[in-house]
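Here is what each chain is made of, one letter per residue.
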Amino acid sequence: MRFVAVPGTRAWFSAWPTRVRDYRAFAEARGGMDGAWRDPMWQGVPVTPGPDHPVVNVSWNDAWEFCRWLTDREHREGRLRAGQRYRLPTDREWSVAVGLPEEPGKTPQDRDEKIADVYPWGTQWPPPRGAGNFADVTFKKRFNGDWTFIEGYDDGFATTSPVGLFQRSPTGLYDLSGNVWEWCEDLYDGSGTRRVLRGGSWGVDDPRYLLSSCRYYGGPDGRSGRIGFRVVLGVDEPAR
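Residues numbered from 1 in each chain as written. Predicted model: local features only at pLDDT ≥ 70, side-chain atom pairs only at ≥ 80, totals over all residues. Heavy atoms only, no water.

Undergrad: Just give me the short version of the overall build of the protein chain, but keep the residues and values in it.
TA: Looking only at helices and strands, the protein chain features five helices and ten strands. Taking 18 Å as the expected radius of gyration for a compact globule of 240 residues, we find that the protein chain reaches 17 Å, a close match to that expectation. Overall size of the protein chain, expressed as C-alpha extent along the three principal axes, is 50 × 40 × 35 Å. Here the protein chain holds 240 residues, and the buried ones make up 53% of them. Contacts in the protein chain between residues far apart in sequence, at least 24 positions, make up 65% of those at least 6 positions apart. Accessible area of the protein chain: about 10,700 Å², with a carbon and sulfur share of 47%. Between the averaged position of the 32 positive side-chain charges in the protein chain and that of its 33 negative side-chain charges there is a distance of 4 Å. (Helix = DSSP H or I, 4+ residues; strand = E, 2+ residues; numbered from the N terminus. Rg over C-alpha atoms; globule rule 2.2 N^0.38 Å. Buried < 20%, exposed > 50% of the residue type's maximum accessible area, 1.4 Å probe, protein only. Contact = heavy atoms within 4.5 Å. Areas by Shrake-Rupley, 256 points an atom, 1.4 Å probe, with all protein chains shown as cover. Lys, Arg positive; Asp, Glu negative; His and termini not counted. Charge placed at Lys NZ, Arg CZ, Asp CG, Glu CD.)

This is how it looks when you write it as structure tokens:
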């Protein structure tokens, strides 16, 4: 795992979403974890066919346990200083990482889609070549059904791609757009149980869901073949 300092935050971001190989190390060491992340399929097609693809079918609670396990291990090994913790990014940290200006609103729900026509790659639609892994021409050709897709855009992958293949952000991060939705620390509406998701996925073709300011959400135990997570290294740990 490689980490990048993101100016405007107190966190170092993983350069890409957590990979299958990273999560396997945790699951085998930790034991007792749900096995839905292993060899997931969608319509008979592998979703994560290699160790460098982003892990999917991981709930918010699973991701939180991964962060706690990695923190404890590296504290024991002397790799982290006192007070350093791996965790999920906050919604506002994710916005800074993707290059958004200050967004109005107290909760992620309040801030959802409030900045129009701005994507992680810029302002044009459809996305330019190499912008990310979305529901594209290859997706349409591979799957049965009346699926919508981004016409004229082809990233070459029907499901997830290995991390780090597409355009890097100005902050030095990969896959902020597409590949997998990413869990964030925050509650979507500031209460209840729903947690924030950012970034879109390999199954998204709708421009609104690829906006830099778009928020989605899921229950803390929810899993999907389109959802993964990205880790940050921070100097504090937000309350669960």
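Undergrad: Tell me about the pattern of salt bridges, residues and numbers included.
TA: All told, the structure shown has 18 salt bridges when counted by the stated rule. Across the pair Asp-34 and Arg-223 runs a salt bridge whose closest N-O atoms are separated by 3.8 Å. Pair noted here: Asp-34 is in the loop between helix H1 (20-30) and strand E3 (41-42) and Arg-223 is in the loop between strand E8 (216-218) and strand E9 (227-229), with a separation of 189 residues, a long-range link. For Asp-34, a relative accessible area of 35% corresponds to the partly exposed category. Given a relative accessible area of 33%, Arg-223 falls into the partly exposed group. One salt bridge connects Glu-77 with Arg-79, and the closest N-O pair in it is separated by 3.2 Å. (Salt bridge = Lys/Arg side-chain N within 4 Å of Asp/Glu carboxyl O.)

Undergrad: Could you give me a rundown of the packing of aromatic side chains, with the residues and numbers involved?
TA: In the structure shown here, the tally under the stated rule is 28 aromatic pairs. Ring centres 6.1 Å apart and planes at 35° place the aromatic pair Trp-121 and Trp-125 in the tilted group. Residue Trp-121 is classed as buried on the basis of its relative accessible area, which comes to 11%. Assessed through its relative accessible area of 34%, Trp-125 is described here as partly exposed. Pairing Phe-139 with Trp-202 gives two aromatic rings, centres 6.3 Å apart and planes at 55°, and the pair type is tilted. Placement of the pair is Phe-139 in helix H5 (residues 137-142) and Trp-202 in the loop between strand E7 (195-198) and E8, with a sequence separation of 63 residues. For the residue pair Phe-139 and Trp-202, the accessibility class agrees, reading buried in each case. Here a set of aromatic residues connected by ring pairs shows up, and it is made of Tyr-23, Phe-26, Trp-37, Phe-66, Trp-69 and Phe-229. (Phe/Tyr/Trp six-rings, centres within 6.5 Å; stacked < 30°, edge-to-face > 60°.)

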